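Fold and contact review
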Amino acid sequence: SQIIRAERVEKYYAQPSENRIQVISPTDLAIEAGEIVALLGPSGSGKSTLMRMLTGLSVPSAGEVYWHEKPIATAEVNVSIVFQSFALFPWLTVLENVEAPLKARGMEAGERRKRSMKILDTVGLDGFQAAYPKELSGGMRQRVGFARALVVEPEVLFMDEPFSALDVLTAENLRSELLELWQKKTIPTQSIFIVTHNIEEAVLLADRIIVLGRNPGHIRTDFKVTLSHP
Ligand code: ADP
Ligand code: ADP
């Protein structure tokens, strides 16, 4: 079933002059339950802008985003975002970082703790709950980012260049671990939407790839794709 649908969404920014900067041209897309979608495109092509509109972090200049057929502003949206920069709270421990979104939702302390410890175990952070982010490597920090995003069991897990700040080997390891967990159905989310400029990453992870092309803000549908393993 369909979780998110974007209808003719666009984004432009006003300019001091009369011209405006069109960052996303009118775009339709949908995210179905059960799929990993990659949004692929070069830097500056509008990937983050489009993702932010799908999550409600940014309001389209025109068009509408629907969650379960309801306009996003009135829908009950359970979404998490993992950022390239990890965006952890440096003054909180690993466990406190992961608990934070549950605390914000008013969940009782015992239940919070139980859920957080379970997801820390899933992402390979068992034993690290008392550490502070600055004591961890980049890869471990991003594991905390994943745990904090997943602890709320989001309908869709959004990731904006989640591996781009990591060295190549760490990124490859995390990526294949993520895929393995997804295939074992141990990731508590229905769908994953990953923003990336890395074509290999998109091909490795995604069931479906949406490409933003050389004209900023335009989804490209004019590719000829050759399958080597049809
Ligand atoms: P990507 O994620 O693909 O790198 P972005 O969505 O971050 O692309 O940005 C797309 C384009 O929109 C860029 O040219 C960027 O400079 C521009 N842009 C993003 N936000 C704003 C803003 N608030 N005002 C003006 N231009 C913006
Ligand atoms: P919106 O208007 O979509 O709610 P903002 O205007 O606050 O969102 O900015 C959208 C994103 O683009 C933010 O992450 C912001 O840091 C970034 N941004 C803002 N201005 C620019 C710009 N001129 N060029 C590139 N990125 C920008």
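Residues numbered from 1 in each chain as written. Chains lettered and ligands numbered in written order. Predicted model: local features only at pLDDT ≥ 70, side-chain atom pairs only at ≥ 80, totals over all residues. Heavy atoms only, no water.

This part takes up the sheet that holds strand 5 (residues 70-71). Read from one edge to the other, the open sheet built from 4 strands follows the order 2-1-4-5, with strand pairing classed as antiparallel. Whereas interior strands pair on both sides, the edge strands pair on one side only; in this sheet they are strand 2 (21-32) and strand 5. Sheet analysis places strand 4 (residues 62-67) next to strand 5, joined by 2 bridges and oriented antiparallel. The residue of strand 5 that forms the bridge with Tyr66 is Pro71. Across the sheet, helix 1 (residues 47-55) touches strand 1 (2-13), strand 2 and strand 4, and the angle it forms with strand 1 is around 130°. (Pairing = 2+ DSSP bridges. Helix = DSSP H or I, 4+ residues; strand = E, 2+ residues; numbered from the N terminus. Contact = heavy atoms within 4.5 Å. Axes fitted to C-alpha atoms, helices over the stretch in contact; angles between N-to-C directions.)

Near ligand 2 you find Lys11, Tyr13, Arg52 and Ser58, and these make up its full shell. Between an oxygen atom of ligand 2 and a side-chain N or O atom of Arg52, the distance comes to 3.3 Å. For ligand 2, the protein covers 27% of the area, taking 550 Å² as the surface of the free molecule. In terms of residue class, the shell around ligand 2 is built from 1 nonpolar, 1 polar and 2 charged. (Near = heavy atom within 4 Å. Polar contact = N/O pair within 3.5 Å; in protein donor to acceptor, adjacent residues only side chain to side chain. Areas by Shrake-Rupley, 256 points an atom, 1.4 Å probe, with all protein chains shown as cover. Nonpolar A, V, L, I, M, F, W, Y, C, P; charged D, E, K, R; others polar.)

A separate point is the sheet that holds strand 3 (residues 36-40). Strand order in the open sheet formed by 5 strands is 6-7-8-3-9, with parallel pairing between adjacent strands. The open sheet has two free edges, formed respectively by strand 6 (79-83) and strand 9 (208-211), since each of these has just one partner strand. Neighbour to neighbour, the strand axes of the sheet diverge by 20° on average, direction disregarded. Pairing analysis gives 4 bridges linking strand 3 to strand 9, with the strands arranged parallel. Counterpart to Val37 in the pairing with strand 9 is Arg208. Each of strand 3, strand 6, strand 7 (156-160) and strand 8 (191-196) is contacted by helix 1, which is oriented at about 155° to strand 7, the strand it contacts most.

This part is about the packing of helix 4 (residues 138-150) against helix 5 (residues 168-183). Running from amino to carboxyl end, helix 4 crosses helix 5 at an angle of 30°, the nearest separation of the two axes being 10 Å. Overall, the two elements helix 4 and helix 5 adopt an arrangement that is roughly parallel. Crossing of helix 4 over helix 5 shows right-handed handedness. Along the contact surface, helix 4 presents Gly139, Gln142, Arg143 and Phe146, while helix 5 presents Thr170, Leu174, Glu177 and Leu178. (Parallel < 35°, antiparallel > 145°, perpendicular 65-115°, else oblique. Left-handed = near helix turned anticlockwise from the far one by under 90°.)

Packing of helix 2 (residues 94-104) against helix 4 brings their axes to within 7 Å, and their N-to-C directions diverge by 30°. The orientation of helix 2 with respect to helix 4, classified from their angle, is roughly parallel. Handedness of the crossing formed by helix 2 with helix 4: right-handed. For the pair formed by helix 2 and helix 4, the contact residues are Val94, Asn97, Val98 and Pro101 on the first element and Val144, Ala147 and Arg148 on the second. Its residues placed into classes, the contact of helix 2 with helix 4 shows 5 nonpolar, 1 polar and 1 charged.

Take it as geometry only, folks, not as evidence of what the structure does.
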